[in-house]
Amino acid sequence: MPNQNDVNNLIYHPEGVYLPGVKFPSAFVSNAGSGNVDMYTCPAGKRACVSYIIGYNTAGTSTTIFPVLYVSGTYYRIGGAGAAATTAQTQVLVTNQAIILDAGERIGVNTTQAGMNLWANIVEFDNTAPIKSSKVVSMSNGNNAVYTCPSGKKAITLDQWFKTNFTLKKFFYFNNSGSSASLTWYGVPSGGSPGSTNQMGTETVTTGSASARLIGGLILNAGDFIVVNTNVGTGTQTAWVNVMER
């Protein structure tokens, strides 16, 4: 059996990235109340991968439920709503919306009534590891910079399993604006600006819906950046990318 030090120094990430201080924190809430329910808060000096949330409804009637992200005092909806039938299990945060929390951020759910048992798959690690999510939690009309590769680094986008697989989704968005949003994604070279020569994809996302774009495995040099453009001015739109920096 491995000792505690072996566990804390586990190389967890499938790309061979060393994740120092790995832990598997409990994120279970029994008989949750209604409204926003916090499941886990990322501690100081840490990050945490959240790949899914599952719920089981013990209430007598169907419950509407969706995932929320808490950042700097505000809850942001990051996934579509599902109806959890009584005495039935439902997936709340699906794998194609997987996200990495930073210190102080919380993951949770919003439910319309009490009675949900909730649990999440979370891997916690030191924030010195080279993987993270770069987020825009309140977008504005026009261009929104989602991620910029730091000086002295290169970066590659990661999929919903936090891997470099070129055939899985890598750009994530949720529309809670109240109207359909027309999106355009760009991968912009350092010193450049979003335009037709660096456009990577377009789509229309209805309100209350999530989007996960394929777009292959984008590799960025220092100063390169990822932009998403929306034609909707309501701030209740959230976008993020998972990246590994070297």
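Residues numbered from 1 in each chain as written. Predicted model: local features only at pLDDT ≥ 70, side-chain atom pairs only at ≥ 80, totals over all residues. Heavy atoms only, no water.

Digging into the pattern of salt bridges
Operational definition: Every case where a carboxyl oxygen of Asp or Glu lies within 4 Å of a side-chain nitrogen of Lys or Arg is listed as a salt bridge. Going along the chain from the N terminus, every DSSP run of H or I of four or more residues is numbered as a helix, and every run of E of two or more is numbered as a strand. Residue burial is assigned from relative accessible area. The probe radius is 1.4 Å, only protein chains are included, and a residue is buried under 20% of its type maximum, exposed over 50%, and partly exposed in between.
Within this structure, the stated rule accounts for seven salt bridges. With a closest N to O distance of 3.2 Å, Asp102 and Arg47 form a salt bridge. Of this pair, Asp102 sits in strand β8 (residues 99-102) while Arg47 is found in strand β3 (residues 46-57), placing the two residues 55 residues apart along the sequence. Lys135 is paired through a salt bridge with Asp102; the nearest N and O atoms lie 3.4 Å apart. Of the two residues, Lys135 is situated in strand β11 (residues 131-136) and Asp102 in strand β8; the sequence distance between them amounts to 33 residues. Residue Lys135 is classed as buried on the basis of its relative accessible area, which comes to 18%. Look at the salt bridges and you will find they share partners, linking Arg47, Asp102, Glu105 and Lys135 into a network.

Some remarks on the sheet that holds strand β12 (residues 142-148)
To be explicit about the condition: Here, any two strands with at least 2 DSSP bridges between them count as paired. Angular values range over 0 to 180 degrees, each being the angle between N-to-C directions of two axes fitted as lines to C-alpha atoms, with helices fitted over their stretch in contact.
Taking strand neighbours across the sheet as the criterion, the four strands line up as β12-β19-β15-β16 in an open arrangement whose pairing is antiparallel. For this open sheet the edge positions go to β12 and β16 (199-205), each flanked by a neighbour on one side alone. Going from strand to strand, the sheet's axes swing by 20 degrees on average, the running direction of each strand aside. Pairing between strand β15 (residues 181-188) and β16: six bridges, direction antiparallel. Paired with Ala181 across the bridge in β16 is Val205.

Remarks on the nonpolar core
One broad trend across soluble globular proteins is that nonpolar side chains are buried collectively. Just so we agree on the cut-off: Note on terminology: a nonpolar core comprises buried Ala, Val, Leu, Ile, Met, Phe, Trp, Tyr and Cys residues joined through side-chain atoms within 4.5 Å. Any two residues whose heavy atoms approach within 4.5 Å are treated as being in contact.
In this structure, Tyr40, Ile53, Leu101, Ile107, Val109, Leu118 and Ile122 are the most contacted members of the largest nonpolar core, which totals 30 residues. For this core, the secondary structure elements donating two or more residues are β1 (28-32), β2 (35-41), β3, β4 (63-71), β7 (89-93), β8, β9 (106-111) and β10 (116-126). Looking at this core, the element that brings in the most residues is β10, giving four residues. Dropping the residues within four chain positions of it, Leu118 is found in contact with Ala27, Phe28, Val29, Ala32, Val37, Met39, Ile54, Gly55, Ile65 and Val109. Counting residues in each nonpolar core, the second largest holds 20 residues, with Val146, Phe171, Ala181 and Leu218 among its members.

Focus on the packing of aromatic side chains
In plain terms, the rule: For Phe, Tyr and Trp, where Trp contributes only its six-membered ring, two rings pair if their centres lie within 6.5 Å, and the inter-plane angle classes them as stacked under 30 degrees, edge-to-face over 60, or tilted in between. Think of it as a cone above the ring: NZ of Lys or CZ of Arg counts as a charge over the ring if it is within 6 Å of the ring centre and within 35 degrees of the ring normal.
By the definition in use, this model includes four aromatic pairs. Ring centres of Phe171 and Trp185 lie 4.9 Å apart, and the angle between their planes is 50 degrees; this geometry places the pair in the tilted category. Taken together, the residues span a long stretch of sequence, with Phe171 in strand β14 (residues 171-175) and Trp185 in strand β15 at a distance of 14 residues. Its relative accessible area of 0% is what places Phe171 among the buried residues. For Trp185, a relative accessible area of 0% corresponds to the buried category. Ring geometry for Phe172 against Trp240: centres 5.7 Å apart, planes inclined by 25 degrees, an arrangement best described as stacked. Taken together, the residues span a long stretch of sequence, with Phe172 in strand β14 and Trp240 in strand β20 (residues 237-245) at a distance of 68 residues. Accessibility assignment for this pair places Phe172 and Trp240 in one class, buried. Between Arg77 and the ring centre of Phe66, over which it is positioned, the NZ or CZ distance is 4.2 Å. The cationic tip of Arg106 hangs over the ring face of Tyr70; the distance from NZ or CZ to the ring centre is 3.8 Å.

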